Amino acid sequence: MRKDVRILLVGEPKVGKTSLIMSLVSEEFPDEVPLRAEEITIPADVTPERVPTHIVDYSEAEQSDEQLYQEISKANVICIVYSVNNKKSIEKVTSHWIPLINERTDKDSRVPLILVGNKSDLVEHSSMETILPIMNQYSEIETCVECSAKNLKNISELFYYAQKAVLHPTGPLYSPEEKEMKSSCIKALTRIFKISDLDNDGILNDSELNFFQRTCFNIPLALQALEDVKNVVRKNLLDGVKDNGLTLKGFLFLHTLFIQRGRHETTWTVLRRFGYDDDLELTQEYLFPLLKIPPDCTTELNHNAYLFLQSVFDKHDKDRDCALSPDELKDLFKVFPYMPWGPDVNNTVCTNEQGWITYQGYLSQWTLTTYLDVQRCLEYLGYLGYSIIQEQESQAAAITVTRSKRIDLQKKQTQRSVFRCNVLGARDSGKSGFLQAFLGRNLARQNRIRDDHKSYYAISTTYVYGQEKYLLLHEVLPDFEFLSEADLACDVVCLVYDISNPHSFEYCAKVYKKHFIDSKTPCVIIGAKSDLHETRQYYSTSPLDFCRKHKLHPPQLFTCNTADAPSKDIYTKLTTMAMYPHSKLRCMCTCNRCTFCICHNLLNSELVRSVKAKLYSAVLTRHMTQADLKNSTFWLRASVGATVFAVLGFAMYKALLKQR
Ligand code: GDP
Ligand code: MG
């Protein structure tokens, strides 16, 4: 909404322009007036719409044409004053004033006009008969009013209408020719209806109407008023009220009624509350609130945002199968101006047997967007009406900006819940398979993915010491020369080679030596396609020796060519390493007593050398999943890093998940 309003009065000499202004200011009719009143500013708090209002007079005797044109271009609304007892001054409205103003304003942004018939005290009958045809002819005329400066009739009304014409223009809402709401207004109100229809049954029931009323107007709707509203709709429309609630048709009808009765400020209040500007576009401030993200920090959704997204999911999962069918997904995104998720999303997150995005997958995709492109996430939340429904200051209230990773590393603990793992490897080494396996898809299932639906991201959850964490896998294109900062920046790195392809390990070794040998980022070498026959790698050292030399975990054998869903142990391990990058050389349990720890401590001994890589990884896997979870001291250890809030938050979150 505009911050101030500039009203210009024009018209023939002696019609009473100056007197109108003086009457408004002094609240009495001045017997003598100057040719032209000084520009006056009415302070915000004494105007009905609470915006400072400037009132500007015009006098042909005192001002040049040039000055008049300048004032016309500065004005937000122009009152063309005529005298009701002076025919010539009425004629001049169409023969002189309207063309003169229109010549000086853009066709698309015509300044609103108000026709003012002054000196109504001098005549018995109204001038409306002459005026109405003019109003019909020019759509830029907002309204007309008859008044008298002499007996102070309709003076404050006149200035109120002028203010309203600027602050709540009818133009974008209503087409007077067609006598109906404009399509962009219907679109905006339909979106508002959908957001306010919290249970998505197509009806605003009493509690939804009350919430709507409270959000838009800050006051609850009295029970009787609620009934009155519904009765008005019932009387005029067959299917405007259903099951004692307002249908979309009824809701739109009500707004048409407001506008037709000159109460369009009501509709504007609703539109603005839901983020729309004067052109019925969502404002930049609404969609992209300021959010500072210092370098080295990441962005996550907070607990409140997850709860909101959960409610949005529930409202659209009509058949309660905990997945969104294509139709349900389409319905969910109806409040968006475009479909934000393409078919690649189905290959980025977990889906059910039908390939539909599950509840987990849906939250994962939101987590991914928040992490990779927080501006987009804010925009999407804006479309869903997050700040309105959750009664937050702005969409930014949904976002947690994490502590700088540098400090996390110093303090050796983190409160983050999303960790990024970049997956590098030569062409065809098995990277995509590694990503898809995280979503529970074996090779047979993966082979059904269309090329143009592929994704270079996969995100899902893992449990680390009982805490649910997101692991975001990103497949980096194997272009050794063009690895950018972004390709390399992450919390843990996977270097993938194909155990059956003798040329594939070299890439891992080279990338490691070039980019990660001195970096603090933990690295894991993955021996993919472990169901195939292992061949000797054409590289100076074997993968196992390479790992040993660089103090890395031995190659982790991995296959997605399984009958059921591939094992998830490796992903839990990656998340753990991402969370605790310091302990990369030790067993992650740090007990120093178990087989795995002893193996590690004796890394160079004969004993370990004889342990085959396969066995090694099997020991690790079993150790991680069983021993850690059973050992209660681990639960204690796990909670040390997290604040009470985070634990509580996740516990509640899990409890909610269980309820579902
Ligand atoms: P302007 O040239 O348009 O600014 O007109 P003025 O304000 O100077 O008024 C011209 C004459 O009309 C003055 O003599 C006013 O006293 C008189 N006048 C202005 N408004 C009214 C009104 O509402 N009723 C009557 N009877 N006279 C008015
Ligand atoms: Mg004057």
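Below you will find a few notes about this structure.

Calculation rules
Residues numbered from 1 in each chain as written. Chains lettered and ligands numbered in written order. Predicted model: local features only at pLDDT ≥ 70, side-chain atom pairs only at ≥ 80, totals over all residues. Heavy atoms only, no water. Helix = DSSP H or I, 4+ residues; strand = E, 2+ residues; numbered from the N terminus. Buried < 20%, exposed > 50% of the residue type's maximum accessible area, 1.4 Å probe, protein only. Contact = heavy atoms within 4.5 Å. Pairing = 2+ DSSP bridges. Near = heavy atom within 4 Å. Polar contact = N/O pair within 3.5 Å; in protein donor to acceptor, adjacent residues only side chain to side chain. Nonpolar A, V, L, I, M, F, W, Y, C, P; charged D, E, K, R; others polar.

If you trace the backbone, Lys194 turns up in helix H6 (residues 183-196). On the basis of relative accessible area, Lys194 is assigned to the buried category, the value being 16%. Among residues more than four places away in sequence, those in contact with Lys194 are Asn200, Lys315, Asp331, Lys334 and Val335.

The subject of this paragraph is the sheet that holds strand S21 (residues 556-557). Reading across the sheet, the six strands line up as S17-S18-S16-S19-S20-S21 and stay open at both edges, with mixed pairing between neighbours. Only two strands of the sheet have a single partner each, and these edge strands are strand S17 (457-464) and S21. Summarising the sheet, strand S20 (residues 523-528) and S21 pair through two bridges and their orientation is parallel. From the neighbouring strand, Ile526 faces S21, where its bridge partner is Gln556.

With that out of the way, let us pick up the site of ligand 1. Taken together, 17 residues lie around ligand 1, and Lys14, Lys17, Thr18, Ser19 and Ala149 are the ones closest in. In the model, an oxygen atom of ligand 1 is placed 3.0 Å from a nitrogen or oxygen of the Lys119 side chain. Lys150 places a main-chain nitrogen or oxygen 3.1 Å from an oxygen atom of ligand 1. Sort the elements by how many residues they give to the shell around ligand 1 and helix H1 (residues 17-26) lands first, with three residues. Of the residues contributing to the shell around ligand 1, the split by class is six nonpolar, five polar and six charged.

Glancing now at the pairing of strand S18 (residues 467-475). Here S18 lies mainly inside the structure; nine of its nine residues are buried. In terms of strand pairing, strand S16 (residues 418-425) meets S18 through six bridges, oriented parallel. Of the residues in S18, the one forming a bridge with Val423 is Glu475. Across eight bridges, the pairing between S17 and S18 is antiparallel.

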